[in-house]
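So the chains spell out like this:
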Amino acid sequence: MLIPRKLIYLMLFLGFVPATTASGSTSVARGHETARPLIDWLHTSWTAREGAPPNITGIVQTPDGWIWVSSASSLYKFDGVRFLRVSGSEAPLSSYISTIGVLRDGRLWVGYAQGGISLLEGGKMRHLNSGQDNLPLPPTYDVALDASGLLWLGTQAGLYYFDTQWRPVAAAMGFPGGRVHSMLLDRSDVLWVRCEAGLFALPRGSRKFLQKSARTGLGKLVQHPDGSIWTNSDDLTGVVSVTIDGSGRLQKLNSVALITAFLFDHEGNLWTNAEGVKRFKVAEVDTAVQQTELEQGLSGSRVSALLQDREKNLWVVTEGGLDRFTEPRLRPLALPEYSVFGGRPIAGGPNGSAFVNGSLVASAAAKPQPIAPDYKKLTVNLYRAPDGTLWGGGDGFWTLDSTGIHELALPDGIPKPFVNAIAQDRAGDLWISLGRNGLYKWRAGHWSTPHGIDSKGRSVLSIKADALGRIWLGLIGGRVAVVDKDEVKWFDHQNGLNIGTVAQIVPTDSGVWFGGENGIRYFDGRRFVPLIGKGGELFTGSTGLAFGRDGTLWINGSAGISSVASTEVTRAMAGSGNAVSFRRLDYRDGVRGGTHPQIPIPSVATSDDGTLWFSNTGGVYAIGPGTLSFNTVIPPVLITRLRSGAKEFPLVDGSLISAGTDTLQLDFTALSYQAPERMEFRYRLEGVDREWRDSTGNRTANYTNLGPGHYTFRVVASNNDGVWNNQGATISFTIEPLPTQTWWFKLLCALAILAILAALYSWRTRRISRRYIELLQERIAERERIARALHDTLMQTMQAMLMRFGTATKRLPSEDSTRATMEELLDEASDAMTMARDEVHDLRAGPIQDGVNIEHALAQFGYSFQEQLKIQFKIKVVGNVRPLTAFAWQEISAVAREAMFNAFIHAHAKNIEVNIVYGLRRFKLSVCDDGTGIDETVLREGSRRGHWGLPGMRERAIVLGGCVTLLSSRERGTQVQLSVPHHSAYAKRETWSHYKT
């Protein structure tokens, strides 16, 4: 939705829209004076609320990257996020630390208010107490190590050096004595000493000090980037430069207030204390260039120490905490006041220039020059045509030539005209959007409406011509039209263009890019491909898109200025769906505000030399080709703590973690101080993590449910600009097992389980055996009962009948044929009685002991049929003969006899064969004949109606845990196969030596 002109003016009048100053910052009145400009570096402060230690006394950075902070409470290491109190082997001698410093060999030294010093060597503090080796009494102000390795000490009592013991510097060495407040070893290895009597220097290799200044008083020593030495004084306002050649010539740089802390940054600018912190340029040192005080966010009002780290951050110590100043990568241009809450309209100019609103800016560092001081109408859109002509629009429509701005008439009958967008086609016609009044074409003062496009009431927000002569139009509401001669084609969310209102269109040789309120799409002529950044970044509010000379895609969006490398752009154009890597410039780089949804469009412009210009609500920013600086310092990566609950473990490889530990917390960090919140980490615990874990804000890894064993933890990190330390940090440790977690305990448990299983198996086997015996005894008892019944009833009755029949037969005449017949019947009945007696005998006799002779019993049974029926019979035994249990012998014998009887009586066979196999796992028996086979109905139903032979065989086999199988055909005869498990068949445990097959 467009903002009406009158509403803009009303908002300005009522004060809803702030106006910025030429420098882009608001002046703050202090009393009746106008405050000095704020230091225009990015500022972050840490007070007690953010974890800063109280009463900080000093700050230094050691070569390993750590920033050390001393205080009246202890010594701390600071990683840009956390203040870590030093403990263990690095712990100081006393918690009341007066000063700290770093020697030329990188060792940290610590001075104590109550006396003594400490040196950090190889991760361990070496403490030197007062009186030890003649160490002088407190306080100690400074410590230095010269090029020869001699250690110097500046104290209340004078200057000392260490040669087997601490020795005072004698007058013969050219030093007058007295309190020494500061020492400095410069880049030429000259040792500078500031004492009450003046300034003295000890050249390298010399044993005699040279006086460089006779100015009395105490002060600090600082070296300028050009090599010069500077000092202050407790009775001097300003700082003094001392030449190294010994001429004594002083160069005084004045300051209104007394300076007690100062340094020069990498550009030679002077930073000092007094009324907060001040930043001077050396050429303008008589007047503070910029200043930040407590009222502007400084942690305190009194500055006591300053430090510039290796990434060029400037650190300030106050009584209230710690402050960091980082030079911004981008600064807004100093421009005249602009009355619209939005971005300023921009257009690329010749060489490295740009047109910004009503000004021409020759370069990023140049002051803006007005192009038409007398033109007062509001301008919200600028367009530079291919021929170099500048066109502008807003409340009016104008063009610029060498004589100035020329306002052009708008179409008649249009109320409240407002120029939104301008573009020129290949024919030279200007396409101009007049907001809701529609789209028009202008040529040599004549207005017309494009054919086939009805844009009344629908604002065209962006217009672009491509190399093929087509005109692309972006409308509020998310629609896009492409005009190719007289043909108009429309695209919207149904085609995949779901980015809301289209604010920027960039045609290229391969396709067209679209930026809008909800993201970015690339159109290759067939489909719209989304551009998605890592972390799910959608690039919302993209009102400006431009390609750099190296193919990088630059995006001006609501979250800042983003850049996507050409290789990532190519990958995105392919439509793989993978997220692209990107860099972003935002408030952490000096970019203030964000893009406005309508003013200006487009919000990115390119100069002829490739300089990119970005406009947003915070100002206008320029990035020249190759001018953007990045942090190239590889961050050291460290593991700072290994603990479980409240218990900490030593940070050494091979650490043993106490048994029973199943949770661990590992703290890690990386030392980069420009923007620690942008740093990325990846970590992995080998033995637990298959892949690397990503972490941005969190510097702690937590693991649970850990078992005993050896583990290795690895962590890598990148700085704020994506420079990775892939070597990272590593620590290995072993969690010791509880007795219940050892291998021998597990082995014992396994053996115990096996023993239990064996006992259960043995118990089950015995139980089954007892059950077999019980069943056998029941069966024997039943057999004996049947035998008694047969003997006492049926057989006795039959015997009596035979005797009566015999008596009757004898009464018949011997020549009577009936008597002969009766005698034959009596003989047969006598044989039957004999057989009955045998059966009763068998019933009472029970099974053959251990069943060793089952094959003999079956052979005898088979041969008796062979003699009567004249059928060939044979029996074969395979394997070592094993004794069968009595129960198994009975059941197997019954199955075999039933099968043999059927074969002899019903099969009409010529040959019958019985095979017995004593196997390792099973006992097998088969009865084979070459007869006519069994009827298919009997095979299918399992038995013949009214006959129970086959079901009986199956039931006996099931009792033994085995099975009976019938194989029969008319051509091959019948096979009855019985299979019984070894534990049910054999009376004794089998071994391999019993079997040969």
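All values derive from a computational prediction rather than experimental measurement. (Residues numbered from 1 in each chain as written. Predicted model: local features only at pLDDT ≥ 70, side-chain atom pairs only at ≥ 80, totals over all residues. Heavy atoms only, no water.)

### Observations regarding the overall build of the protein chain
Within the protein chain, the regular secondary structure consists of 9 helices and 71 strands. Taken against the 2.2 N^0.38 rule, which gives 30 Å for 997 residues, the C-alpha radius of gyration of the protein chain at 53 Å runs more than 25% over that of a compact globule. Each principal axis of the C-alpha atoms in the protein chain carries an extent, and together these give about 175 × 100 × 45 Å. Here the protein chain, with 997 residues, has 47% of them falling under the buried criterion. Of the accessible surface of the protein chain, which amounts to about 49,200 Å², a share of 52% is contributed by carbon and sulfur atoms. For the protein chain, the distance from the average position of its 105 positive side-chain charges to the average position of its 97 negative side-chain charges is 1 Å. (Helix = DSSP H or I, 4+ residues; strand = E, 2+ residues; numbered from the N terminus. Rg over C-alpha atoms; globule rule 2.2 N^0.38 Å. Buried < 20%, exposed > 50% of the residue type's maximum accessible area, 1.4 Å probe, protein only. Areas by Shrake-Rupley, 256 points an atom, 1.4 Å probe, with all protein chains shown as cover. Lys, Arg positive; Asp, Glu negative; His and termini not counted. Charge placed at Lys NZ, Arg CZ, Asp CG, Glu CD.)

### Digging into the packing of aromatic side chains
In the structure shown here, the tally under the stated rule is 43 aromatic pairs. A ring pair is formed by Trp 152 and Phe 209, whose centres lie 5.9 Å apart and whose planes are at 90 degrees; its orientation type is edge-to-face. Here Trp 152, found in strand E13 (residues 151-155), pairs with Phe 209, found in the loop between strand E18 (198-202) and strand E19 (210-213); they are 57 residues apart in sequence, far enough to count as distant. On the basis of relative accessible area, Phe 209 is assigned to the buried category, the value being 3%. Where Phe 668 meets Tyr 683, the ring centres are 5.5 Å apart and the plane angle is 45 degrees; that geometry is what we call tilted. Remark: Tyr 683 occurs in strand E62 (residues 680-686) and Phe 668 occurs in strand E61 (residues 664-670); sequence separation between them is 15 residues. Summarising the burial analysis for this pair, Phe 668 and Tyr 683 share the class buried. Site record: aromatic cluster; members linked through ring pairs are Phe 861, Tyr 863, Phe 865, Phe 873, Phe 901 and Phe 904. (Phe/Tyr/Trp six-rings, centres within 6.5 Å; stacked < 30°, edge-to-face > 60°.)

### Let's talk about the pattern of salt bridges
Evaluated as defined, the whole model comprises 33 salt bridges. Close ionic contact of Asp 40 with Arg 331 constitutes a salt bridge, the shortest N to O distance being 2.8 Å. Here Asp 40, found in the loop between strand E2 (33-34) and strand E3 (42-46), pairs with Arg 331, found in the loop between strand E30 (321-326) and strand E31 (346-348); they are 291 residues apart in sequence, far enough to count as distant. Given the relative accessible area of 31%, Asp 40 is considered partly exposed. Between Glu 90 and Lys 77 there is a salt bridge whose closest N-O contact spans 3.2 Å. (Salt bridge = Lys/Arg side-chain N within 4 Å of Asp/Glu carboxyl O.)

### With respect to the sheet that holds E3
Paired through their backbone hydrogen bonds, the strands of a sheet run either parallel or antiparallel. With respect to topology, 4 strands assemble into an open sheet ordered E3-E30-E29-E28, the strand pairing being antiparallel. Edge positions in the sheet fall to E3 and strand E28 (303-308), since each of these pairs with one other strand and no more. For this sheet the average axis-to-axis angle between neighbouring strands, irrespective of direction, equals 20 degrees. Sheet analysis places E28 next to strand E29 (residues 314-318), joined by 5 bridges and oriented antiparallel. When the sheet's bridge partners are listed, Leu 307 is paired in E29 with Trp 315. (Pairing = 2+ DSSP bridges. Axes fitted to C-alpha atoms, helices over the stretch in contact; angles between N-to-C directions.)

### Some thoughts on unusual backbone geometry
Negative phi is the rule for most residues except glycine; trans is the rule for most peptide bonds. We note that Asn 55 has phi near 55 degrees; this positive angle belongs to a residue other than glycine. Of note, Asn 55 is situated in the loop between E3 and strand E4 (56-61). Backbone geometry places Asp 189, a non-glycine residue, at a positive phi of 65 degrees. With respect to the helices and strands, the residue Asp 189 is situated in the loop between strand E16 (180-185) and strand E17 (191-195). When its relative accessible area of 14% is taken as the criterion, Asp 189 is described as buried.

### A short note on the environment of Pro 386
Structurally, the position occupied by Pro 386 is in the loop between strand E35 (379-384) and strand E36 (390-394). Judged by its relative accessible area of 72%, Pro 386 is exposed. In this structure the C-alpha to C-alpha distance between Pro 386 and Phe 681, which are 295 residues apart in sequence, comes to 47 Å.

### Topic: the nonpolar core
Leu 884, Ile 892, Ile 912, Phe 923, Leu 925 and Leu 978 are the most contacted members of the largest nonpolar core, which has 40 residues in total. At the level of secondary structure, the elements contributing two or more residues to this core comprise helix H3 (743-810), helix H5 (854-869), helix H6 (886-906), strand E68 (911-918), strand E69 (922-929), helix H8 (949-959), strand E70 (963-969) and strand E71 (973-981). Each residue touching Ile 892, except ones within four places of it in the same chain, is listed here: Ile 854, Leu 884, Phe 923, Leu 925, Leu 960 and Leu 978. (Core = buried A, V, L, I, M, F, W, Y, C linked by side-chain atoms within 4.5 Å. Contact = heavy atoms within 4.5 Å.)

### Things to note about the environment of Leu 191
On the secondary structure map, Leu 191 appears in strand E17. For the pair Leu 191 and Phe 209, spaced 18 residues apart in sequence, the C-alpha to C-alpha distance is 8.9 Å. Those residues in contact with Leu 191 that lie beyond four places of it in its chain are Ala 144, Trp 152, Leu 184, Leu 185, Phe 200, Ala 201, Leu 202 and Phe 209.

### Looking at H8
Restricting attention to buried positions, one finds in H8 the residues Leu 950, Pro 951, Gly 952, Met 953 and Ala 957. The inward-facing, buried residues of H8 contact H6, helix H7 (936-941), E70 and E71. Just beyond H8, the residue with positive phi is Gly 961, at close to 80 degrees.

### A short note on the side chain of Asp 929
In this structure, Asp 929 sits in strand E69. Buried within the structure, Asp 929 lacks any salt-bridge partner; Arg 970 is the closest side chain of opposite charge, at an N-O distance of 11 Å. At a separation of 2.9 Å, a polar atom in the side chain of Asp 929 contacts the main-chain amide nitrogen of Gly 931. (Polar contact = N/O pair within 3.5 Å; in protein donor to acceptor, adjacent residues only side chain to side chain.)

### Details of the state of the cysteines
Among covalent bonds in proteins, the disulfide is the one between the sulfur atoms of two cysteines. Evaluation of the coordinates by the stated rule reveals 0 disulfides. Free cysteine: Cys 963, not disulfide-bonded; nearest cysteine sulfur from Cys 928 at 15 Å. The exposure class of Cys 963 is partly exposed, given its relative accessible area of 38%. (Disulfide = S-S within 2.5 Å.)

### A look at a nonpolar patch on the surface
A cluster of nonpolar side chains, contributed by Trp 743, Trp 744, Leu 747, Leu 748, Leu 751, Ile 753, Leu 754, Ile 756, Leu 757, Leu 760 and Trp 763, occupies part of the molecular surface with about 1,200 Å² of accessible area. Examined against the element boundaries, Ile 756 turns out to sit in helix H3. (Patch = residues over 30% accessible without salt bridge, like charges linked within 9 Å, V, L, I, M, F, W, Y side chains within 5 Å.)

### Focus on the sheet that holds strand E27 (residues 290-292)
Across the sheet, which stays open at both edges, the 4 strands sit in the order E24-E25-E26-E27 with antiparallel pairing between neighbours. Edge positions in the sheet fall to strand E24 (262-264) and E27, since each of these pairs with one other strand and no more. Taking the axes of each pair of neighbouring strands and ignoring which way they run, one obtains an average angle of 15 degrees across the sheet. Pairing geometry for strand E26 (residues 277-280) and E27, over 3 bridges, is antiparallel.

### Thoughts on the packing of H5 against H6
At a closest axis distance of 10 Å, the pairing of H5 and H6 adopts a crossing angle of 15 degrees. The orientation of H5 relative to H6 falls into the category roughly parallel. Handedness of the crossing formed by H5 with H6: right-handed. From H5, Ile 854, Ala 857, Leu 858, Phe 861, Gly 862, Phe 865, Gln 866 and Leu 869 reach across to H6, where they touch Trp 889, Ile 892, Ser 893, Ala 896, Arg 897, Met 900, Phe 901, Phe 904 and Ile 905. Broken down by class, the residue content of the contact of H5 with H6 amounts to 13 nonpolar, 3 polar and 1 charged. (Parallel < 35°, antiparallel > 145°, perpendicular 65-115°, else oblique. Left-handed = near helix turned anticlockwise from the far one by under 90°. Nonpolar A, V, L, I, M, F, W, Y, C, P; charged D, E, K, R; others polar.)

### Side note on a positive patch on the surface
Taken together, the side chains of Arg 764, Arg 766, Arg 767 and Arg 770 make up a positively charged region of the molecular surface. Given a relative accessible area of 44%, Arg 767 falls into the partly exposed group.

### Describing the packing of H6 against H8
Between H6 and H8, whose axes approach to 9 Å, the crossing angle comes to 155 degrees. With respect to their mutual orientation, H6 and H8 come out roughly antiparallel. Where H6 crosses over H8, the two elements pack in a sense that is left-handed. Taking contact as the criterion, the partners of Phe 887, Glu 891, Ala 894, Val 895, Glu 898 and Ala 899 in H6 are, on H8, Gly 949, Met 953, Arg 956 and Val 959. Tallied by class, residues from the contact of H6 with H8 come to 6 nonpolar, 1 polar and 3 charged.

### A short note on a negative patch on the surface
A surface patch of negative charge is lined by Glu 824, Asp 827, Glu 828 and Asp 831. Structurally, Glu 828 can be placed in helix H4 (residues 817-845).

Without other data, these values stay purely geometric and don't point to any function.
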